[in-house]
Structure formats: structure tokens, C-alpha cells
Amino acid sequence: LGIALAAEPDMLLMDEPTAGMSPDETQSTVKLIKRVKQELDLTFLLVEHDMEIVFDISDRIVVLNRGSVIAKGTPDEVQDDPAVQEAYLGGVEE
């Protein structure tokens, strides 16, 4: 992360930044990303399968399923989207 930030980017792409980390390491990494995002007003493009991390870090989310966009919006909008619930949770509870 330090090497990437040294180039003073406008946007930083992160692909599965917490893959293989322990829960403590993941929590520390999420805190670091949030701090850098706030302090540097930096845009992050994050590819992540851990939805807790996605909802915690993101302002806007685009959800793909089999290569197609099925939802986009704020974390609340995406979390409440029936297509996302169907694709990732196996259906909507009623």
C-alpha cells in the first residue's frame, strides 16, 4: 500500500486485499483502508467477495453475477436488493 501511495494516485485498485488474512489482520486492513480513504480523499476500486468488508468500506457498490451487473447503489440499497439476495443468499426471506 505504501508503494502504491508514493505515486500519489487519484484511484487505487485493490483486488481481494484481505485474502488469506486472519480476522485480526482483516480488521486492521479495513481500518487502514478507511483511514487512507478519509485522510487522502482517495477513490478505491475494490474487488472483494467478503460482503461484510464491502458493506463496511464502500460508498457505492456494483454487484456482478456471472459477469452481469445485477445491482448497484449504496450499501443499504444493494443489501436490500432482491436480485442480490437471490444470487448470494439463496432467496429472499418473507
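Residues numbered from 1 in each chain as written. Predicted model: local features only at pLDDT ≥ 70, side-chain atom pairs only at ≥ 80, totals over all residues. Heavy atoms only, no water.

A. Focus on the environment of Met-21. Its location among the elements puts Met-21 in the loop between strand E1 (11–15) and helix H2 (23–40). Met-21 sits 16 residues away from Leu-5 along the chain, and the two C-alpha atoms are 21 Å apart. Excluding its chain neighbours within four sequence positions, the residues that come into contact with Met-21 are Thr-26 and Thr-29. (Helix = DSSP H or I, 4+ residues; strand = E, 2+ residues; numbered from the N terminus. Contact = heavy atoms within 4.5 Å.)

B. Highlighting the pattern of salt bridges. With the rule as written, the count across this model stands at 3 salt bridges. For Glu-39, the salt bridge identified is with Arg-35, shortest N-O distance 3.6 Å. Placement of both Glu-39 and Arg-35 in helix H2 is noted, with a separation of 4 residues, approximately one turn of the helix. Given the relative accessible area of 58%, Glu-39 is considered exposed. Residue classification places Arg-35 among the partly exposed positions, given a relative accessible area of 46%. Note that Asp-59 is salt-bridged to Lys-37, the shortest N-O span being 3.2 Å. Here Asp-59, found in the loop between helix H3 (51–57) and strand E3 (61–65), pairs with Lys-37, found in helix H2; they are 22 residues apart in sequence, far enough to count as distant. (Salt bridge = Lys/Arg side-chain N within 4 Å of Asp/Glu carboxyl O. Buried < 20%, exposed > 50% of the residue type's maximum accessible area, 1.4 Å probe, protein only.)

C. Region of the structure containing the nonpolar core. One finds Leu-12, Met-14, Val-30, Ile-33, Val-36, Leu-42, Phe-44, Ile-53 and Ile-57 forming the largest nonpolar core, which totals 9 residues. Mapped by element, the contributors of at least two residues to this core are E1, H2 and H3. Top contributing element to this core by residue count: H2, with 3 residues. Aside from chain neighbours lying at most four places away, what touches Ile-53 is Thr-18, Thr-26, Val-30 and Glu-48. Counting residues in each nonpolar core, the second largest holds 6 residues, with Val-54, Val-63, Ala-71 and Val-84 among its members. (Core = buried A, V, L, I, M, F, W, Y, C linked by side-chain atoms within 4.5 Å.)

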